[in-house]
Amino acid sequence: MQQALEKQIIFQDHKEAYSLLGERDEFLQVMRENFDCQFVSRGDRIEILGEAAMVEPAAKVLEELQYLYRQGTTITMHEVRYGIGLVKGGKGEALHTLFGDTILVTSRGRHVRPKTLGQRLYLDTIRHNSITFGIGPAGTGKTYLAVVMAVAAMRNKEVNKIILTRPAVEAGERLGFLPGDLQDKVDPYLRPLYDALQDILGQDTYQKFMAKGIIEIAPLAYMRGRTLEDAFIILDEAQNTTDKQMKMFLTRLGFGSRMVVTGDLGQVDLPRGVTSGLREAAQVLDGVKGVGIVRLAPMDVIRHEVVTRIVEAYGDWEAKKKKAKEAAAKKREEKQGQE
């Protein structure tokens, strides 16, 4: 029989209680759904009662969230659900340091930190490699964190320039068919990169850096024939590169430069039969010194929790289709063998 246990979490004020329990106790409700114990709110404290096997991890989650809050982290549903997942998985101690790594402070004063263990691994890999591949589903912060690291590197005078590029798949790289000058032609494809830079730097600094050429944004086709030195180069949406385009891009790396290649292998828009350069590179370069490959998972998604469910649902659907296709192919082979 499990031993009964009671623990108390004391709040320093009403604001802290509100931040940890959520609006209308929405965070507290998630705790109740995940831990089979009793939560009693008593003004400046919350009491947790029940079997030790449930009370101790529940208290651990609230204690770590309280620590994060006092370190300046805004507690959202992501922190609550992710914290519960880590504690249940026996990784509760990781919460204590996860959000402590501030990469930089944005123009609006927001501290940018990793929000999952996968994101922390991604950032550490960028720091320690010349080329990093960030592969994972939408919402895992691949592009945004790469841009943050690029700005941080420039502020630390590690590089002199930031170069952002992306394949314009829908136009087949034939940008001449679109109206306007080069900037007008590539804008639709590079908008996510603009948005990330403006959020981090602020509109005025962003415009100044663009005007001085400190930040360069161009389609992948314009990288050919160049050697990129003392620069932080990001290739976004790399799943839509061909194998030749990927090799061309990677061999542009010059002295004093770093590259980050991001993409989602679940969203390849290339014509049927064309191999994704990202998929091939992740296989060819696995284990090559100076190249890091990080695969982010649905649990690293930071967007609305429904996005995580959508990503997982599509992943399951694709796995089922693949399994059915393999079964059909096996059946055909068996039939041909009988004939």
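Everything here concerns the structure above.
Every chain begins its residue count from 1, and numbering advances along the sequence as written. It should be noted that, the model being predicted, local features are given only for residues of pLDDT at least 70 and side-chain atom pairs only at 80 or more, the latter also being counted only at that level, while totals for whole chains, interfaces and linings use all residues. Side-chain numbers here rest on the full set of heavy atoms in the structure, without hydrogens or water.

## Brief notes about the side chain of Arg258
So, point 1. We count a stretch as a helix when DSSP gives it H or I for four or more residues in a row; a strand needs E for two or more, and each element gets its number in order from the N terminus. Relative to the elements of secondary structure, Arg258 occurs in strand E10 (residues 258-263).
So, point 2. Only protein chains enter the calculation, and the probe is 1.4 Å; a residue is then buried if its accessible area is under 20% of its type maximum, exposed if over 50%, and partly exposed in between. Residue classification places Arg258 among the buried positions, given a relative accessible area of 16%.
So, point 3. Apart from the residues within four sequence positions on either side, Arg258 is in contact with Ile126, Arg127, Asn129, Ser130, Ala153, Glu158, Ala231, Phe232, Ile233 and Leu253. Any two residues having at least one pair of non-hydrogen atoms within 4.5 Å are treated as being in contact.

## Considering a nonpolar patch on the surface
So, point 1. A grouping of Val306, Ile310 and Tyr314 is seen on the molecular surface, where their side chains present a nonpolar patch of about 290 Å² in accessible area.
So, point 2. Relative to the helices and strands, Ile310 resides in helix H12 (residues 305-338). Within the patch definition used here, like charges are joined within 9 Å and nonpolar side chains (Val, Leu, Ile, Met, Phe, Trp, Tyr) within 5 Å, considering only residues with over 30% relative accessible area and no salt bridge. All accessible-area figures derive from a Shrake-Rupley calculation using a 1.4 Å probe, and residue coverage is judged against the displayed protein chains alone. We define a salt bridge as a side-chain nitrogen of Lys or Arg found within 4 Å of a carboxyl oxygen belonging to Asp or Glu.

## Points about the packing of aromatic side chains
So, point 1. Between 30 and 60 degrees the pair is tilted, below 30 it is stacked and above 60 it is edge-to-face, where a pair is any two Phe, Tyr or Trp rings, Trp via its six-membered ring, whose centres lie within 6.5 Å. Enumeration over the complete set of coordinates arrives at one aromatic pair.
So, point 2. Ring geometry for Tyr194 against Tyr206: centres 6.3 Å apart, planes inclined by 75 degrees, an arrangement best described as edge-to-face. Of this pair, Tyr194 sits in helix H8 (residues 182-201) while Tyr206 sits in helix H9 (residues 203-212); the two residues are twelve residues apart in sequence, bridging distant segments of the chain.
So, point 3. With relative accessibility at 4%, the residue Tyr206 sits in the buried group.
So, point 4. Across from the ring centre of Phe35, 5.6 Å away, lies the NZ or CZ of Lys88, which sits over that ring. As a reminder, the over-ring test applies to NZ of lysine and CZ of arginine, requiring each to be within 6 Å of the ring centre and within 35 degrees of the ring normal.

## Regarding the nonpolar core
So, point 1. Residues belong to a common nonpolar core when they are buried Ala, Val, Leu, Ile, Met, Phe, Trp, Tyr or Cys residues joined through side-chain atoms within 4.5 Å. If you look at the biggest cluster of nonpolar residues, it comprises 35 residues, and the most contacted ones within it are Ile103, Val147, Val151, Leu197, Ile217, Phe232 and Ile234.
So, point 2. Elements with a minimum of two residues in this core: helix H6 (117-128), helix H7 (142-155), strand E7 (161-166), H8, H9, strand E8 (215-219) and strand E9 (231-235).
So, point 3. If you tally residues by element for this core, the top one is H7, at ten residues.
So, point 4. Once you skip the residues sitting within four places of it in the chain, Val151 turns out to touch Leu104, Ile162, Leu197, Ile200 and Leu201.

## Observations regarding the sheet that holds strand E3 (residues 45-51)
So, point 1. With respect to topology, three strands assemble into an open sheet ordered E1-E3-E2, the strand pairing being antiparallel. Looking at the sheet topology across the chains shown, the edges are occupied by strand E1 (4-10) and strand E2 (38-42). The average angle at which neighbouring strand axes cross in this sheet is 20 degrees, direction not considered.
So, point 2. Sheet topology note: the E2/E3 ladder contains five bridges and is antiparallel. Within E3, the position partnered with Gln38 by the bridge is Leu49. For two strands to be treated as a pair, DSSP must find at least two bridges joining them. Each axis is a line fitted through C-alpha atoms, and for a helix only the stretch in contact is used; angles between axes span 0 to 180 degrees, taken between their N-to-C directions.

## Observations regarding the pairing of E7
So, point 1. Counted residue by residue, E7 has five buried out of six residues, so it is predominantly covered.
So, point 2. One ladder, built from five bridges, connects E7 with E9; its direction is parallel. By the bridge assignment for E9, Leu164 is matched with Ile234.
So, point 3. Examined bridge by bridge, E7 and E8 share five bridges and lie parallel to one another. By the bridge assignment, Thr165 is partnered in E8 with Ala218.

## Thoughts on the packing of helix H2 (residues 26-34) against helix H4 (residues 77-88)
So, point 1. Close contact between H2 and H4 brings their axes to 10 Å; oriented N to C, the two are set at 25 degrees. As far as their axial angle goes, H4 and H2 are roughly parallel. In this structure, H2 crosses over H4, and the sense of that crossing is right-handed. Taking contact as the criterion, the partners of Glu26, Phe27, Val30, Met31 and Asn34 in H2 are, on H4, Met77, Val80, Arg81, Ile84 and Lys88.
So, point 2. In this classification, Asp, Glu, Lys and Arg are treated as charged, Ala, Val, Leu, Ile, Met, Phe, Trp, Tyr, Cys and Pro as nonpolar, and every other residue, Gly included, as polar. Looking at the contact of H2 with H4 residue by residue, the classes come out as six nonpolar, one polar and three charged. Any angle between 65 and 115 degrees counts as roughly perpendicular, while under 35 counts as roughly parallel, over 145 as roughly antiparallel, and the rest as oblique. Each crossing is labelled by how the near helix is turned from the far one, with a counterclockwise turn of less than a right angle marking it left-handed and a clockwise turn marking it right-handed.

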